[in-house]
Amino acid sequence: MTRMTMREAISKALWEEMERDERVFIQGEEVGVWGGTYAVTKGFYDHFGEKRVRDTPIAEAAIVGSAIGAAMTGLRPVAELMTINFAFVAMDHIVNEAAKLHYMFGGQFTLPLVIRAVSGGGRQLGATHSQSPDVIFAHFPGLKVVSPGTPADAKGLLKSAIRSEDPVLFIENATLYQMKGEVPDDEDYLEPLGKSKVQREGDDVTIVAYSKMVPAALKAADMLAEDGINAEVVDLRSLRPLDMDPVIASFKRTNRAVIVEEGWRSYGVGAEVSARIYELAFDYVDAPVKRVAQAEVPLPYNAELEQLALPQTEDIYHAAKEVLNG
Amino acid sequence: MEKKESLDLYKEMVIIRRLEERAAELYQLGKIGGFLHLYIGQEAISAGISSVRQPQDRLITAYRDHGWAISAGIDPKAVMAELLGKVDGCSKGRGGSMHMADTELNFWGGHAIVGAHIPLAAGLALGDVYQGNDDAVTICMFGDGSTNIGFFHEGLNLSKVWNLPVLWVCENNQYGMGTTVDRASAVSEIRQKAEGYGMANERIEGMDVMAVRQEVARVLEKIRKEGGPYLLEIMTYRYRGHSMGDPERYRDKAEVKKWEEEDPIGIYRKYLIENKIATAKGLDELDDEALQIVDEAEKFAEASPNPDKSTLFENIYVEPTPVEYRGYALEHESEEQ
Ligand SMILES: Cc1ncc(C[n+]2csc(CCOP(=O)(O)OP(=O)(O)O)c2C)c(N)n1
Ligand SMILES: [Mg+2]
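Just so it is clear, the structure is predicted and the values come from calculations on it, not from any experiment.

Colleague: Quick one: what's the story with the overall build of chain B, residue by residue and with numbers?
Modeller: When helices and strands are counted, chain B shows 13 helices and eight strands. Computed over its C-alpha atoms, the radius of gyration of chain B comes to 21 Å, within 12% of the 20 Å expected for a compact globule of 337 residues. Judged by the C-alpha coordinates and their principal axes, chain B covers about 65 × 50 × 40 Å. Per-residue burial for chain B yields a buried fraction of 56% across its 337 residues.

Colleague: With reference to specific residues and values, describe the overall build of chain A.
Modeller: Counting secondary structure elements, chain A contains 12 helices and 14 strands. Considered along the principal axes of its C-alpha atoms, chain A spans approximately 60 × 45 × 40 Å. Counted over contacts in chain A with a minimum sequence separation of 6, partners at least 24 positions apart contribute 81%. Side chains of chain A carry 33 positive and 48 negative charges; the gap between the two charge centres is 2 Å.

Colleague: Describe helix 2 (residues 43-52) of chain B, naming the residues involved and giving the relevant values.
Modeller: Among the 10 residues of helix 2 of chain B, nine are classified as buried, and the element is accordingly described as predominantly covered. Those residues of helix 2 of chain B that sit buried are B:Glu43, B:Ala44, B:Ile45, B:Ser46, B:Ala47, B:Gly48, B:Ile49, B:Ser50 and B:Val52.

Colleague: Tell me what's going on with the sheet that holds strand 12 (residues 238-240) of chain A, and back it up with residues and numbers.
Modeller: All names here are of chain A. Strand order in the open sheet formed by seven strands is 3-2-4-5-7-6-12, and the pairing between neighbours is mixed. Each edge of the open sheet is held by one strand with a lone partner, namely strand 3 (53-55) and strand 12. Sheet twist, expressed as the mean angle between neighbouring strand axes with direction ignored, is 20°.

Colleague: Requested: an account of the site of ligand 1, with residues and values cited.
Modeller: Lining the immediate surroundings of ligand 1 are 22 residues, of which A:Glu60, B:Tyr63, B:Arg64, B:Gly145 and B:Asn173 lie closest. Here a nitrogen atom of ligand 1 and a side-chain polar atom of A:Glu60 are 2.5 Å apart. Taking B:Asn173, its side chain carries an N or O atom lying 2.8 Å from an oxygen atom of ligand 1. Protein chains shield 95% of the accessible area of ligand 1, which is 590 Å² for the free molecule.

Colleague: Tell me what's going on with the confidence of the model for chain B, and back it up with residues and numbers.
Modeller: Of the residues in chain B, 99% reach a pLDDT of 70 or more, and the chain-wide mean stands at 97. Under the prediction, the complex receives an ipTM of 0.96, its pTM being 0.97.

Colleague: Account for a negative patch on the surface, with residues named and values stated.
Modeller: Where like charges cluster on the molecular surface, the negative patch consists of A:Glu19, A:Asp185, A:Asp186 and A:Glu187. Mapping A:Asp186 onto the fold places it in the loop between strand 8 (180-183) and strand 9 (197-200).

Colleague: Break down the pairing of strand 13 (residues 257-264) of chain A for me, with residues and values.
Modeller: All names here are of chain A. Counting buried positions along strand 13 gives seven out of eight residues, so the element sits mostly inside the fold. Pairing analysis gives three bridges linking strand 10 (residues 205-209) to strand 13, with the strands arranged parallel. Opposite isoleucine 207, over in strand 13, you have valine 258 as the bridge partner. Alignment of strand 13 against strand 14 (residues 290-294), held across four bridges, turns out to be parallel. Residue pairing in the sheet places isoleucine 259 in a bridge with arginine 291 of strand 14. With helix 10 (residues 269-281) bridging strand 13 and the parallel strand 14, this β-α-β connection has right-handed handedness.

Colleague: Describe the interface of chain B and chain A, and please don't skip the residues or the numbers.
Modeller: Across the contact, 48 residues belong to chain B and 41 residues belong to chain A. Summed over both partners, the interface of chain B with chain A comes to about 3800 Å²; 63% of that surface belongs to carbon and sulfur atoms. Summed over the three residues of chain B that lose the most area to chain A, namely B:Leu312, B:Tyr325 and B:Tyr328, the buried surface amounts to 20% of that side. The partner of A:Asp55 in a salt bridge is B:Arg183, and the shortest N-O contact between them spans 2.8 Å. In terms of residue count, helix 13 (residues 328-336) of chain B provides more of the side of chain B that touches chain A than any other element does, five residues in total. For the side of chain B that touches chain A, the class distribution of residues is 22 nonpolar, 16 polar and 10 charged.

Colleague: Before we move on, can you summarise the packing of helix 1 (residues 3-28) of chain B against helix 11 (residues 264-274) of chain B with the specific residues and values?
Modeller: Residues and elements named next belong to chain B. At a minimum axis separation of 10 Å, helix 1 and helix 11 run at an interaxial angle of 155°. As summarised for this structure, helix 1 and helix 11 are arranged roughly antiparallel, according to the angle between their axes. Helix 11 is crossed by helix 1, and the crossing has left-handed handedness. The residues of helix 11 that touch helix 1, namely those facing Ser6, Leu7, Leu9, Tyr10, Met13, Val14 and Arg17, are Pro264, Ile265, Tyr268, Arg269 and Leu272. For the contact of helix 1 with helix 11, the residue count by class is nine nonpolar, one polar and two charged.

Colleague: Give a description of the pattern of salt bridges that names residues and reports values.
Modeller: All names here are of chain B. Summed over the entire model, instances satisfying the criterion amount to 48 salt bridges over all chains. Taking the shortest distance from any N to any O, the salt bridge between lysine 4 and aspartate 8 comes out at 2.7 Å. Of this pair, lysine 4 and aspartate 8 are both found in helix 1, four residues apart, which corresponds to roughly one turn of the helix. With relative accessibility at 57%, the residue lysine 4 sits in the exposed group.

Colleague: Before we move on, could you go through helix 1 (residues 6-20) of chain A and cite the residues and values that matter?
Modeller: In this model, helix 1 of chain A (15 residues) spans 21 Å end to end at C-alpha, consistent with the 21 Å of a helix rising 1.5 Å per residue. When we look at burial in helix 1 of chain A, the residues that qualify are A:Met6, A:Arg7, A:Ala9, A:Ile10, A:Ser11, A:Ala13, A:Leu14, A:Glu16, A:Glu17 and A:Met18.

Calculation rules
- The written sequence of each chain sets the order in which its residues are numbered from 1.
- Here every chain gets a letter starting at A, and every ligand a number starting at 1, in the order they are written.
- Where totals are concerned, whole chains, interfaces and linings use all residues; where local detail is concerned, this predicted model gives features only for residues with pLDDT of at least 70, and gives and counts side-chain atom pairs only at 80 or more.
- Side-chain metrics rest on all non-hydrogen atoms present in the structure, leaving aside hydrogens and water.
- What counts as a helix is a DSSP run of H or I of at least four residues, what counts as a strand is a run of E of at least two, and both are numbered from the N terminus.
- Using C-alpha atoms as the atom set, the radius of gyration is obtained and then compared with a globule rule of 2.2 Å times the number of residues to the power 0.38.
- Exposed residues in this analysis have more than 50% of their type's maximum accessible area, buried residues have under 20%, and partly exposed residues fall in between, with area computed by a 1.4 Å probe over protein chains only.
- Any two residues whose heavy atoms approach within 4.5 Å at even a single point are treated as in contact.
- In this tally Asp and Glu are treated as negative and Lys and Arg as positive; neither His nor the chain ends contributes.
- Charge positions come from single atoms, namely NZ of Lys, CZ of Arg, CG of Asp or CD of Glu.
- Any two strands with at least two DSSP-identified bridges between them are counted as paired.
- Every axis in this analysis is a line fitted to C-alpha atoms, fitted for helices over the stretch in contact. Angles between the N-to-C directions lie between 0 and 180 degrees.
- For each residue, the test is whether any non-hydrogen atom lies within 4 Å of the molecule or strand; if one does, the residue is near.
- Under this definition, polar contacts are N or O atom pairs within 3.5 Å; protein pairs additionally need one hydrogen-donor-capable and one acceptor-capable atom, and for neighbouring residues in sequence, both atoms have to be side-chain atoms.
- Residue exposure ignores everything except the shown protein chains as possible cover, and the areas themselves are Shrake-Rupley values with a 1.4 Å probe.
- A residue's pLDDT is the predictor's confidence in that residue, given on a scale from 0 to 100.
- A patch consists of residues exposed above 30% relative accessible area that lack any salt bridge, with like charges linked at up to 9 Å and nonpolar side chains (Val, Leu, Ile, Met, Phe, Trp, Tyr) linked at up to 5 Å.
- Whenever a carboxyl oxygen of Asp or Glu lies within 4 Å of a side-chain nitrogen of Lys or Arg, that contact is scored as a salt bridge.
- When the strands point away from the viewer and the connection leading from the first strand across the helix to the second strand turns clockwise, the crossover is called right-handed.
- Once two parts are put together, the accessible area they lose, assessed with a 1.4 Å probe and summed over both, is termed the buried area.
- Under the scheme applied, nonpolar residues are Ala, Val, Leu, Ile, Met, Phe, Trp, Tyr, Cys and Pro; charged residues are Asp, Glu, Lys and Arg; polar residues are all the others, including Gly.
- An angle below 35 degrees is read as roughly parallel, one above 145 as roughly antiparallel, one from 65 to 115 as roughly perpendicular, and any other as oblique.
- Left-handed describes a crossing whose near helix is turned anticlockwise from the far helix by less than a right angle; the clockwise case is right-handed.
- What a helix is expected to span follows from its residue count: subtract one and scale by 1.5 Å.

Written as structure tokens, this is what we have:
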């Protein structure tokens, strides 16, 4: 184990997989000479060279589209989108090609590609640059959508994504890059795709979260503990496939749940997870499931308004108290 | 040009320069957040073009927009207040650095998705043609890097097919973030891209405001007379990083220094003195006035309040529309009331 930031964990996963497999290469805007806008690929260009660390023009459709084509020939591209907001420029390739070609041609070829993208708000980047539209991509069968909430998971999940035969959208959160944690050194340390994980055990209330909302949920759980309440925090880690087993197992013990996401509530992760709780564990429901999410407004630049719109740790704490009193 | 106009043009460029230098300081102090893309080095383009833009000519640009906002006529106070996210900002504190606009001045913004505003420009021109505003030209600004995205090619093609009066202007500052034009573009001269769409085009120098002004006036008249689009590539250089916190590993200091010797403000200053339009002393006084305007803008912005929390949901829709979810904290606040 080594203590490192999530940025280092992601960087390490990429580095190790590139060392391990010649077919793995990176392409995207500013991934090479600049060293990655978020410094994730710092040093890669000098070490791996321009063949495997490919700076692209600002052309998201071509970045994703050509990665799909290269994957069709047996390569394992990691295409980086500077932020997930620019994925909309590449939407057709993500939705109509990456998610469908394997199925549509009867499984004749595979698309072992990873698309990395930074999601999330809270940095005063304005409405077009602050979105958390993760769930939109999870709507499409054929695409896997993964988003880690701890440095260790970031490493293990990204390595699995790169080794996966399927196209994976790997969503990072810029405000988590500095988050520190213990990360296994093992070069074959893999976390399975499509498996939720209990990040904290407790019997009183189930808090379901992923990505940036995991540390927020853990903090809220600490606050609840001071009140004598033991919250269990389940980290989805993957939005598709969605693994409900640990959620349901937890809910059957606690009978109460709060679902947290950074994005908007309508048609969101909370909607999906709570519906599944009602489908799978209706008899165990002691209180209506609560959802904590972003206010339904395009995020404003002004810091005060932006924070007002974003879900906060206190909101999770209060929601948990409410489901317990309900 | 009238003497006063010549001097105003000088002052405008100095205001842009000083305001952005101040913005960089305020950014370091944490008073400005998010991204801050400085225009320093490129001022001759916004000043030159705006000095010949007619009121009916619509203007649209990308996120490097402070210079454009000021040249378009937005009060530096409203620009500074927007940078600080205050309610008196030109976008009421919602937009920030990248999203300045004042449609009364026919300035249609500051757009942060690379190239996304390019098709919009075709639509602005379509709106004018459709409504019989025969005298109007839409001026669309964009960077060299944004000519590699599909939006650009779709927008240019459409403008030619529909013969729309758009002046497409590439501000070629030679980098898209850290990527040089030759590493990102198949052709080394951006203007060549217009050839593929059968569009008239030209490359000009952008550090001399008088030259920019003259060339653009000529092209605008041509579009007004003959209709149809035209692409101008204007060579320039940004002195600062792409945004704040750019490590600038992609270029060496000597290159920046070389271009700093071509400072558009210095060039124009020399022109004004050599042609006896102004004295050094007179220009120094204008420098002081510009600085004072920036001081006042800063004071104004600092004093302006944050937008009221109750206005968070304003302007999502035009028509009265329920806000379905106000977010956890706000919903509970309203329950308490
Ligand atoms: C679709 C999209 N992709 C990527 C970005 C990130 N980005 C912002 S500015 C920029 C560089 C643009 O360069 P250029 O067009 O030359 O304009 P300049 O910054 O030089 O003024 C990039 C890659 C973005 N905003 N939108
Ligand atoms: Mg540029």
